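Here is how the chains run, residue by residue.
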Amino acid sequence: MDAKNKQQKLSLGILLILIAAALSSLGQLAWKFGADGTGSYAILLYLIGFIAAGAGMFFMMAAFRYGEVSILQPMMSLGFALSIVLGALFLDESITWYKLIGTGFIIAGSILLGIEGNEESV
C-alpha cells in the first residue's frame, strides 16, 4: 500500500472516530435529560441515548479498520471535551479554568496523535 493511500485511510479513520466521539457525547446528554425526566419522556430520551451511543460504537469499530488503535482510541477522549461544551450549553454547567486547561490538554493530545499518524504514513 502506498503512502498516499495509507494517509487517506488514516484520515477516514480519524473522521469516523470524531463522529463516534460526538455520538457518544450526544447519547450521554440524552441520558442525562432522561434521568431528569419522568414517564414516557424519560424512556424516550434513554432510548435516543442508547441509539446514539450504539451508533457511536459502530463508528468506532469502523474507524479501527482504517487506522491504528493507539492513535484512534485516545481521540475518543474528544468526546469528553464536547461533553463539557454540551453541559455548558444545555445543562447550565459552569466551565472552570480547570475544565478549560484539561480540555486543552485533550485537544492538544489528539492533535499530536493525528500528526504522528500522518508522519508515520508519509
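All residue numbers refer to position in the chain's written sequence, counted from 1. The model is predicted, so local features are restricted to residues of pLDDT at least 70 and side-chain atom pairs to those at 80 or more, both for listing and for counting; the totals for chains, interfaces and linings are taken over all residues. Processing note: side-chain calculations cover all non-hydrogen atoms of the structure and skip hydrogens and water entirely.

Looking up the protein chain in an unreviewed UniProt entry gives the name EamA domain-containing protein, with the organism given as Candidatus Enterococcus lemimoniae. Quoted verbatim from the Sequence similarities (unreviewed entry) heading of the UniProt record, the comment on the protein chain is "Belongs to the EamA transporter family." UniProt positions are given in the numbering used here, feature names are shortened, and annotations may be inferred rather than shown by experiment. Recorded under Subcellular location (unreviewed entry), the UniProt text for the protein chain is reproduced unchanged: "Cell membrane".

A.B. asks: Would you mind going over the nonpolar core with me for this structure?
C.D. replies: Within soluble globular proteins, side chains that are nonpolar generally end up buried alongside one another. In this structure, I14, I17, M60, A63, L72, M75 and M76 are the most contacted members of the largest nonpolar core, which totals 13 residues. Note on conventions: DSSP H or I runs of at least 4 residues are helices, E runs of at least 2 residues are strands, and numbering of each starts at the N terminus. At the level of elements, α1 (3-36), α2 (39-63) and α3 (69-75) are the ones that each hand at least two residues to this core. Setting aside its immediate chain neighbours within four residues, M76 contacts I17, A20, A21, S24, M57 and M60. Put simply, buried Ala, Val, Leu, Ile, Met, Phe, Trp, Tyr and Cys residues joined by side-chain atoms within 4.5 Å make one nonpolar core. Each residue is assigned to one of three classes by its accessible area relative to the maximum for its type, calculated with a 1.4 Å probe on protein chains only: buried under 20%, partly exposed between the two thresholds, exposed over 50%. Note on definitions: a residue-residue contact is assigned when non-hydrogen atoms from the two residues lie within 4.5 Å.

A.B. asks: How should unusual backbone geometry be read in this particular structure?
C.D. replies: For residues besides glycine, phi is generally negative; the peptide bonds are generally trans as well. Non-glycine residue D92 carries a positive phi angle of around 55°. Summarising the element assignment, D92 is placed in the loop between α4 (78-91) and α5 (97-121).

A.B. asks: I would appreciate a short explanation of a nonpolar patch on the surface in the present structure.
C.D. replies: Only residues whose relative accessible area exceeds 30% and that take part in no salt bridge are eligible for patches, with like-charged residues grouped when within 9 Å of each other and nonpolar side chains (Val, Leu, Ile, Met, Phe, Trp, Tyr) grouped when within 5 Å. Reported accessibility uses the Shrake-Rupley method at a 1.4 Å probe radius. Residues are deemed covered only where the shown protein chains occlude them. We define a salt bridge as a contact between a side-chain nitrogen of Lys or Arg and a carboxyl oxygen of Asp or Glu at a distance within 4 Å. The grouping of I95, W97, L100, I101 and F105 at the surface amounts to a nonpolar patch, some 600 Å² of accessible area in total. W97 gets classed as exposed once you look at its relative accessible area, which sits at 68%.

A.B. asks: What am I meant to see in the UniProt feature "transmembrane region" (unreviewed entry) in the protein chain here?
C.D. replies: Following the UniProt record, the feature "transmembrane region" (unreviewed entry) maps to residues 12-31, 43-64, 71-91 and 97-115 here. Note that residues 43-64 is 95% helix and 0% strand, and that its end C-alpha atoms are spaced 32 Å apart. Secondary structure content for residues 97-115 is 100% helix and 0% strand, while the C-alpha to C-alpha distance between its ends is 27 Å.

A.B. asks: Any chance you could explain the packing of α1 against α4 here in plain terms?
C.D. replies: Relative orientation and spacing of two packed helices are given, respectively, by the angle between their axes and the distance between those axes. Lines fitted to C-alpha atoms define the axes here, with helix axes fitted over just the stretch in contact, and angles between the N-to-C directions of these axes take values from 0 to 180 degrees. Where α1 meets α4, the closest approach of the two axes is 9 Å, and the angle between their N-to-C directions is 40°. Relative to α4, the element α1 lies oblique. Viewed along their axes, α1 and α4 form a crossing whose handedness is right-handed. Contacts between α1 and α4 pair L18, A21, A22, S25, L26, Q28, L29, K32 and F33 from the former with L78, G79, L82, S83, L86, F90 and L91 from the latter. For the contact of α1 with α4, the class distribution of residues is 11 nonpolar, 4 polar and 1 charged. For classification purposes, an angle smaller than 35 degrees is called roughly parallel, one larger than 145 roughly antiparallel, one from 65 to 115 roughly perpendicular, and anything else oblique. When the near helix sits turned anticlockwise from the far one by under a right angle, the crossing is termed left-handed; a clockwise turn instead gives a right-handed crossing. Side-chain classes follow a simple rule in which Ala, Val, Leu, Ile, Met, Phe, Trp, Tyr, Cys and Pro form the nonpolar group, Asp, Glu, Lys and Arg form the charged group, and the remainder, Gly included, forms the polar group.

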